[in-house]
Amino acid sequence: MSETAQQYIDRIVSNVGSDDPWQVLASSPRRLRELVHGRSEAELSRQPAPGRWSARAIVAHLADCEVVMAWRLRSILAVNGVPLQPFDQNRWAEAFKYESTPVADSLDLLEANRRANLRLLRSADPASLEYFGMHAERGKESITHLVRLNAGHDLNHIRQIERLLAK
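Bear in mind the structure is a predicted one, so any value in this text is a computation, not a measurement.

1. Notes on the packing of helix 4 (residues 55-78) against helix 7 (residues 143-166)
Two quantities define a packed helix pair, namely the angle between the helix axes and the distance between the axes.
Working step 1: Here helix 4 crosses helix 7 at 175°, and the two axes come no closer than 10 Å. Our classification of the angle between helix 4 and helix 7 gives roughly antiparallel. Listed contacts from helix 7 to A55, I58, V59, H61, L62, C65, E66, M69, L73, I76 and L77 of helix 4 are I143, L146, N150, H153, D154, H157, Q160, I161, L164 and L165.

2. Describing the environment of I161
Working step 1: Looking at the secondary structure, you find I161 in helix 7.
Working step 2: Under the relative-accessibility criterion, I161 is labelled buried at 0%.
Working step 3: Sequence spacing of I161 and L120 is 41 residues, and the spatial spacing of their C-alpha atoms is 28 Å.
Working step 4: Ignoring any residue separated from it by four or fewer positions in sequence, one finds I161 in contact with L32, L35, A55, I58 and V59.

3. A look at the sheet that holds strand 3 (residues 139-142)
Two pairing modes exist for strands in a sheet, parallel and antiparallel, and in both the strands are linked by backbone hydrogen bonds.
Working step 1: The three strands are arranged 1-2-3 in an open sheet whose pairing can be described as mixed. Pairing within the sheet leaves two strands with one partner each, and these edge strands are strand 1 (82-84) and strand 3. Put simply, the sheet's adjacent strands are angled 40° from each other on average, direction ignored.

4. Some remarks on helix 1 (residues 5-14)
Working step 1: By the burial criterion, the buried members of helix 1 are I9, I12 and V13. Across the axial projection of helix 1, the buried residues extend over an arc of 95°, all falling on one side.
Working step 2: Looking at the buried side of helix 1, the elements it contacts are strand 3 and helix 7.

About the thresholds
Residues numbered from 1 in each chain as written. Predicted model: local features only at pLDDT ≥ 70, side-chain atom pairs only at ≥ 80, totals over all residues. Heavy atoms only, no water. Axes fitted to C-alpha atoms, helices over the stretch in contact; angles between N-to-C directions. Helix = DSSP H or I, 4+ residues; strand = E, 2+ residues; numbered from the N terminus. Parallel < 35°, antiparallel > 145°, perpendicular 65-115°, else oblique. Contact = heavy atoms within 4.5 Å. Buried < 20%, exposed > 50% of the residue type's maximum accessible area, 1.4 Å probe, protein only. Pairing = 2+ DSSP bridges. Arc of directions from axis to C-beta.

This is how it looks when you write it as structure tokens:
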């Protein structure tokens with residue numbers, strides 16, 4: 001049974017708990033680098049089950065999600081109420097060959113975009129953090145909400161990678 005949009009949001013946001021989502025976003029790229037440092041190609045490529053993502057694929061997914069976030073944040077800041085298009089993460093994983101993408105390349109992409117996104121948000125007028133986009137599947141999403149959602153998404157996938165690499 002698949003989750004509803006609201007169930008997904010609730011599950012992902014719950015990962016943040018009382019943590020500062022801004023601090024989570026700032027520290028996630030470093031945490032990911034620490035997790036994969038010194039790991040063999042076999043460890044990074046091990047899938048928990050057929051059709052399930054490896055640590056390598058998860059890092060590639062996080063890098064692409066940060067590219068999407070860059071576009072969404074800029075779109076919202078430029079046009080309050082802008083429509084936000086969803087994407088199919090599994091189609092992206094296949095189309096962009098997540099299972100063969102070098103982890104270092106994914107981490108570099110994630111770090112560069114995360115740094116730019118945080119710089120953009122920290123320099124934005126505080127009132128603009130309540131600007132929103134209308135996500136085609138999840139509805140109204142303010143920048144403040146997206147910051148928390150993205151932090152929870154990071155934590156969700158960091159925990160997945162920790163479990164994968166602990167085996």
